[in-house]
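Residue-level listing of the chains:
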Amino acid sequence: MNTPADYELDPQIAVLLKRNEQGLVPAVAQSDSGEVLMLAWMDDHALAHTLATRKGTYFSRSRGEYWIKGETSGHTQDVLGVRLDCDGDTILLTVRQRGAACHTGDRTCFDARVLLGDDS
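Here is what the cut-offs are and how they apply
- Residues numbered from 1 in each chain as written.
- Predicted model: local features only at pLDDT ≥ 70, side-chain atom pairs only at ≥ 80, totals over all residues.
- Heavy atoms only, no water.
- UniProt positions renumbered as here; feature names shortened; annotations may be inferred.
- Salt bridge = Lys/Arg side-chain N within 4 Å of Asp/Glu carboxyl O.
- Helix = DSSP H or I, 4+ residues; strand = E, 2+ residues; numbered from the N terminus.
- Buried < 20%, exposed > 50% of the residue type's maximum accessible area, 1.4 Å probe, protein only.
- Polar contact = N/O pair within 3.5 Å; in protein donor to acceptor, adjacent residues only side chain to side chain.
- Phe/Tyr/Trp six-rings, centres within 6.5 Å; stacked < 30°, edge-to-face > 60°.

As recorded in an unreviewed UniProt entry, the protein goes by Phosphoribosyl-AMP cyclohydrolase and comes from Corynebacterium accolens. For the protein, the Function (unreviewed entry) comment in UniProt is given as "Catalyzes the hydrolysis of the adenine ring of phosphoribosyl-AMP." Within the UniProt record for the protein, the comment given under Subunit (unreviewed entry) is "Homodimer."

A.B. asks: So what exactly am I meant to see when it comes to the pattern of salt bridges here?
C.D. replies: Pairing between side chains of opposite charge can happen when the charged atoms of each approach one another. For the coordinates displayed, the defined rule picks out six salt bridges. A salt bridge links Asp 78 to Lys 55; the nearest nitrogen and oxygen atoms lie 2.7 Å apart. Remark: Lys 55 occurs in the loop between helix 2 (44-53) and strand 3 (57-60) and Asp 78 occurs in strand 5 (residues 77-84); sequence separation between them is 23 residues. Classification of Asp 78 by relative accessible area gives buried; the value is 13%. The class for Lys 55 is partly exposed, based on a relative accessible area of 34%. Residue Arg 63 is joined to Glu 65 by a salt bridge in which the shortest nitrogen-to-oxygen separation is 3.1 Å. Given the relative accessible area of 49%, Arg 63 is considered partly exposed.

A.B. asks: Could you clarify how one ought to interpret the UniProt feature "binding site: Mg(2+)" (unreviewed entry) in the protein in this entry?
C.D. replies: According to UniProt, the positions carrying the feature "binding site: Mg(2+)" (unreviewed entry) are Asp 85, Asp 87 and Asp 89. With respect to the element layout, Asp 85 can be found in the loop between strand 5 and strand 6 (91-97). Here Asp 85 falls in the partly exposed class, since its relative accessible area comes to 27%. Polar side-chain contacts of Asp 85 include one of 2.9 Å to the backbone nitrogen of Gly 88. With respect to the helices and strands, Asp 87 occurs in the loop between strand 5 and strand 6. The partly exposed category is assigned to Asp 87, whose relative accessible area is 40%.

A.B. asks: Sorry, what's going on with the packing of aromatic side chains here?
C.D. replies: Each aromatic ring pair is specified by the distance between its two centres and by the angle formed by the two planes. Under the definition given, this model contains two aromatic pairs. Ring plane angle 40 degrees and centroid distance 4.9 Å describe the contact between Tyr 58 and Trp 67, whose orientation is recorded as tilted. Tyr 58 sits in the buried class, given a relative accessible area of 0%. Considering the side-chain rings of Phe 59 and Tyr 66, the 5.2 Å spacing of their centres and the 75 degrees angle between planes classify their relative orientation as edge-to-face. Judged by relative accessible area, which is 23%, Tyr 66 ranks as partly exposed.

Here it is as structure tokens:
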């Protein structure tokens, strides 16, 4: 079975990315209904794996390893679309989320603290 590290990013895509000092790009996962679910990090291999398998694949900065959303929790992300912002420094994934997106068990990581009121 191939791991994310076995996947190579298409050079035509790789040249578009602006990575941080660790070679990572932030990736925002948004549900197919438009709800912002989470932010994680990708390197070239994680993005290549995501594009090839359509499974949300990320790089954990704290653990220094790849993780495929739902591999241990069962809360999977089927990737429906992948976009790069105009600067090439942020990835937007449109996903079909099954179960919680947040490691806390919440549907979204953005339910916790409201810093500026939103009555919607």
